[in-house]
Amino acid sequence: MSARTAFVIGARGFVGAHVARALVATGWRVVAFGPAMEADRLADLGEAVTDVTGSIADAAALRAALADSGAEVVVSLAAFVSGSGGLARAGEDDAERAFAINVLGLRNTFEAARAAGLRRVIWASSTTLYGPAGHYAGPVDEDAPPRPQLTYGLTKAMAELLSDHERDRHGTEAVAVRLPLVFGPGLWYRGAAAAFLDLLAAARPGARHVLRGPEAPVDLMYAPDAGAAFATLCAHPGPLAGRYNVNGFTATYPQLCTLLRHLVPGFDAVFEPAEPPVVYPLIRTDRIARDTGFAPRFDAEAALADHLRSLEAP
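Residues numbered from 1 in each chain as written. Predicted model: local features only at pLDDT ≥ 70, side-chain atom pairs only at ≥ 80, totals over all residues. Heavy atoms only, no water.

Asks: Help me get a handle on the overall build of the chain, residues and values and all.
Replies: Across its full length, the chain carries ten helices and twelve strands. A compact globule built from 314 residues would reach a C-alpha radius of gyration of about 20 Å, and the chain, at 19 Å, matches this within 12%. Projected onto the principal axes, the alpha-carbon positions of the chain cover approximately 55 × 45 × 40 Å. Out of the 314 residues belonging to the chain, those deemed buried represent 52%. Contacts in the chain between residues at least 24 apart in sequence constitute 78% of all its contacts with a sequence separation of at least 6. Within the structure as shown, the chain displays about 13,700 Å² of accessible surface, and the carbon and sulfur contribution to it stands at 52%. (Helix = DSSP H or I, 4+ residues; strand = E, 2+ residues; numbered from the N terminus. Rg over C-alpha atoms; globule rule 2.2 N^0.38 Å. Buried < 20%, exposed > 50% of the residue type's maximum accessible area, 1.4 Å probe, protein only. Contact = heavy atoms within 4.5 Å. Areas by Shrake-Rupley, 256 points an atom, 1.4 Å probe, with all protein chains shown as cover.)

Given below as structure tokens:
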């Protein structure tokens, strides 16, 4: 029996590479569509991944690539990023390009999927579409109203409206996956999660490192768990909702410092309070657990320990 095929837009990006790996590990063949990248994060997967260079801003090229792929599901991790400043910074620096990729690019994706006769499109949204935590009472579910403060979150809120429209008008099973702050191996841009990678890179006996961030708890997801969430949704045999919050674990920055001091004896991990531009509400993930049975594999300690091991690998 031949492997099922997933058309993964942005498969060679940070989260996309983990999605591709999770799909291949569960028996899928991946057609990786996206711009050329300096680092090939999927080279070891060999013939399980077919590479197609292109941009979702090019509607004709996307339609042709998807029609030729033989895929049965589309996964999009596409998001505008410029330089090494991260997704939020890129949106603030070039809003026009952010809307072109994050919103209009998703429209191109839906149109290409319909032309290819594909019903299921799973794409990466973000919990940054929620507003500051003070606007909400307690952890929020998928029905809490968006109140984005940054351009990146605004593009995701608009993309979710487009996704709802696609479901309602065309019957596409369009599924928005609201990711929290994701960190892990392969993160190359200097977004909010870069502070964790700096901390982990510095973790050795006798060293000292200061982690600056909010004192309030934050939702975090280790990148392999993010990949597994998408793979679970791709393979789910039943109907899927229009949006899912996903999360790995909730922790405070001081707790992460304490865990690293435990994992690396002699490492002096120090926390200093520093408020970010927006403190987001914590999220509830009951819906994806109920609908698909997905549960993250990595808690805070396991994620930190696994990342430390990845730094030691040749």
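Asks: Please set out the sheet that holds strand 6 (residues 173–179) residue by residue, giving values where relevant.
Replies: In space, the seven strands of this open sheet follow the order 3-2-1-4-5-6-10, with parallel pairing throughout. The sheet terminates laterally at strand 3 (49–53) and strand 10 (243–245), the two strands that pair on one side only. The mean inter-strand angle of the sheet, taken between neighbouring strand axes irrespective of direction, is 20°. For strand 6 and strand 10, the ladder comprises three bridges, and the chain directions are parallel. Its bridge partner being in strand 10, Arg178 is matched across the sheet by Asn245. The strands touched by helix 2 (residues 59–69) within the sheet are strand 1 (4–9), strand 2 (28–34), strand 3 and strand 4 (73–76), with strand 1 carrying the most contacts at an inclination of about 165°. Lying over the sheet, helix 4 (residues 95–115) contacts strand 1, strand 4, strand 5 (120–126) and strand 6, oriented at roughly 170° with respect to strand 5. (Pairing = 2+ DSSP bridges. Axes fitted to C-alpha atoms, helices over the stretch in contact; angles between N-to-C directions.)

Asks: Can you explain the pattern of salt bridges? Please cite residues and give values.
Replies: One pass over the structure, following the stated rule, counts 17 salt bridges. With its nearest N and O atoms 2.8 Å apart, the salt bridge here joins Asp51 to Arg12. One end of the pair, Asp51, is in strand 3; the other, Arg12, is in the loop between strand 1 and helix 1 (14–25), with 39 residues separating them in the sequence. According to the relative accessible area criterion, Arg12 is buried, its value standing at 14%. Close ionic contact of Glu142 with Arg287 constitutes a salt bridge, the shortest N to O distance being 3.7 Å. Taken together, the residues span a long stretch of sequence, with Glu142 in the loop between strand 5 and helix 5 (151–170) and Arg287 in helix 9 (residues 286–292) at a distance of 145 residues. Each member of the pair, Glu142 as well as Arg287, carries the same accessibility label: buried. Salt bridges sharing common partners tie together Glu160, Asp164, Arg178 and Arg243. (Salt bridge = Lys/Arg side-chain N within 4 Å of Asp/Glu carboxyl O.)

Asks: Would you mind going over empty space enclosed by the protein in detail, with residue names and values included?
Replies: Scanning the model with the defined rule gives one cavity of 30 Å³ or more in all. When its volume is computed, the largest cavity comes out at roughly 70 Å³. Together, Ile56, Ser76, Ala78, Ile101, Asn102, Gly105, Leu106, Thr109, Trp123, Ala124 and Lys156 line the largest cavity. At the level of elements, helix 4 and strand 5 are the ones that each hand at least two residues to the lining of the largest cavity. (1 Å grid on protein atoms, 1.4 Å probe; cavity = no way out; pocket = protein on both sides within 12 Å on 5 of 7 lines; lining within 4 Å. Points joined across faces, edges and corners; volume = space filled by probe spheres on them.)

Asks: Lay out the layout of surface pockets with the relevant residues and their values.
Replies: Put simply, the second largest pocket is a space of about 170 Å³. Taken together, Ala17, His18, Arg21, Arg41, Pro185, Gly186 and Pro224 make up the full set of residues lining the second largest pocket. Per-element accounting of the lining of the second largest pocket gives the leading share, three residues, to helix 1.

Asks: An account of the nonpolar core is requested, with residue identities and associated values reported.
Replies: Counting residues in each nonpolar core, the largest one holds 72 residues, and the members touching the most others are Leu23, Ile122, Leu179, Phe183, Phe230 and Phe267. Here Phe230 is in contact with Val19, Val75, Leu77, Ile122, Trp123, Ala124, Val177 and Leu179, once residues within four sequence places are set aside. Listed in part, the 26 residues of the second largest apolar core include Ile9, Val74, Ala98 and Leu118. (Core = buried A, V, L, I, M, F, W, Y, C linked by side-chain atoms within 4.5 Å.)

It is worth stressing that arrangement in space is one thing and function is another; only the former is reported here.
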